[in-house]
Amino acid sequence: MLKKITALLTGLALFGCSPSGENVTEDMLIGSWICQHQRLYNIEKTATDDRNSEINDIQIKYEKQKNNSMTEQYYNLPPKKFLFERYKKIHRNFDENIEFDRTLEYQYVSDDEFKHVETYSSRYRSTKKPSELNVYTTTCVRQKN
């Protein structure tokens, strides 16, 4: 079952990437976006997991500062520093029984849309048997002024 889910996620990741090789960049992010965030926990049993959630109409603004650093601002909260990394994978041992991988990726959809996908997969260290697979997807569309 995990192989099927991994294949599905890989297919979704490939679908999110433009065939022309376009990528999300810092410069593309500059501006105002309206985003939807979906969390799917324990994806093999998503229909019954009470932690699943969806948040719509999240307002995010990205700006480049004079020193070339980036900031992101949610709603009218103060801006905070933002470090853009198009793809990042982290492997950690949670404890003596569980290890997990966390993958974060920006996926280009068009010049006015991108996805940020975070995938958490955990497994038992002794057997390598899957423990849980969680996927958080944020889809953002450029806000037109």
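Residues numbered from 1 in each chain as written. Predicted model: local features only at pLDDT ≥ 70, side-chain atom pairs only at ≥ 80, totals over all residues. Heavy atoms only, no water.

**Looking at the overall build of the protein chain**
Then step 1. In terms of regular secondary structure, the protein chain is built from two helices and eight strands.
Then step 2. Starting at the N terminus and walking to the C terminus, you meet the elements of the protein chain as α-α-β-β-β-β-β-β-β-β.
Then step 3. For the protein chain, buried positions account for 35% of its 145 residues.
Then step 4. Long-range contacts, defined as pairs at least 24 residues apart, comprise 50% of the intrachain contacts of the protein chain with a sequence gap of at least 6.
Then step 5. Approximately 9600 Å² of the protein chain is accessible, and the part contributed by carbon and sulfur atoms is 51%. (Helix = DSSP H or I, 4+ residues; strand = E, 2+ residues; numbered from the N terminus. Buried < 20%, exposed > 50% of the residue type's maximum accessible area, 1.4 Å probe, protein only. Contact = heavy atoms within 4.5 Å. Areas by Shrake-Rupley, 256 points an atom, 1.4 Å probe, with all protein chains shown as cover.)

**Looking at unusual backbone geometry**
Then step 1. A positive phi is found at Asn-68, a non-glycine position, where the angle reads about 70 degrees.
Then step 2. Mapped onto the secondary structure, Asn-68 falls in the loop between strand 2 (53-64) and strand 3 (70-74).
Then step 3. Using a relative accessible area of 55% as the deciding quantity, one classes Asn-68 as exposed.

**Structural notes on the nonpolar core**
Then step 1. Counting 15 residues, the largest nonpolar core has Val-24, Leu-29, Trp-33, Tyr-62, Phe-82, Tyr-106 and Phe-114 as its most contacted members.
Then step 2. When residues of this core are traced back to their parent elements, those giving at least two are helix 2 (26-29), strand 1 (31-40), strand 2 and strand 6 (98-110).
Then step 3. For this core, the leading source of residues is strand 2, giving three residues. (Core = buried A, V, L, I, M, F, W, Y, C linked by side-chain atoms within 4.5 Å.)

**Looking at the sheet that holds strand 7 (residues 113-124)**
Then step 1. Strands sit in the order 4-3-2-1-8-7-6-5 across an open sheet of eight strands; the sheet is antiparallel. Only two strands of the sheet have a single partner each, and these edge strands are strand 4 (80-82) and strand 5 (87-93). Across the sheet, the mean angle separating the axes of adjacent strands is 25 degrees when strand polarity is ignored. (Pairing = 2+ DSSP bridges. Axes fitted to C-alpha atoms, helices over the stretch in contact; angles between N-to-C directions.)

**What to know about a nonpolar patch on the surface**
Then step 1. Where nonpolar side chains cluster on the molecular surface, the patch consists of Ile-55, Tyr-75 and Leu-77 and spans about 300 Å² of accessible area.
Then step 2. Within the secondary structure layout, Ile-55 lies in strand 2. (Patch = residues over 30% accessible without salt bridge, like charges linked within 9 Å, V, L, I, M, F, W, Y side chains within 5 Å. Salt bridge = Lys/Arg side-chain N within 4 Å of Asp/Glu carboxyl O.)

None of the figures reported here should be taken as evidence of function without further support.
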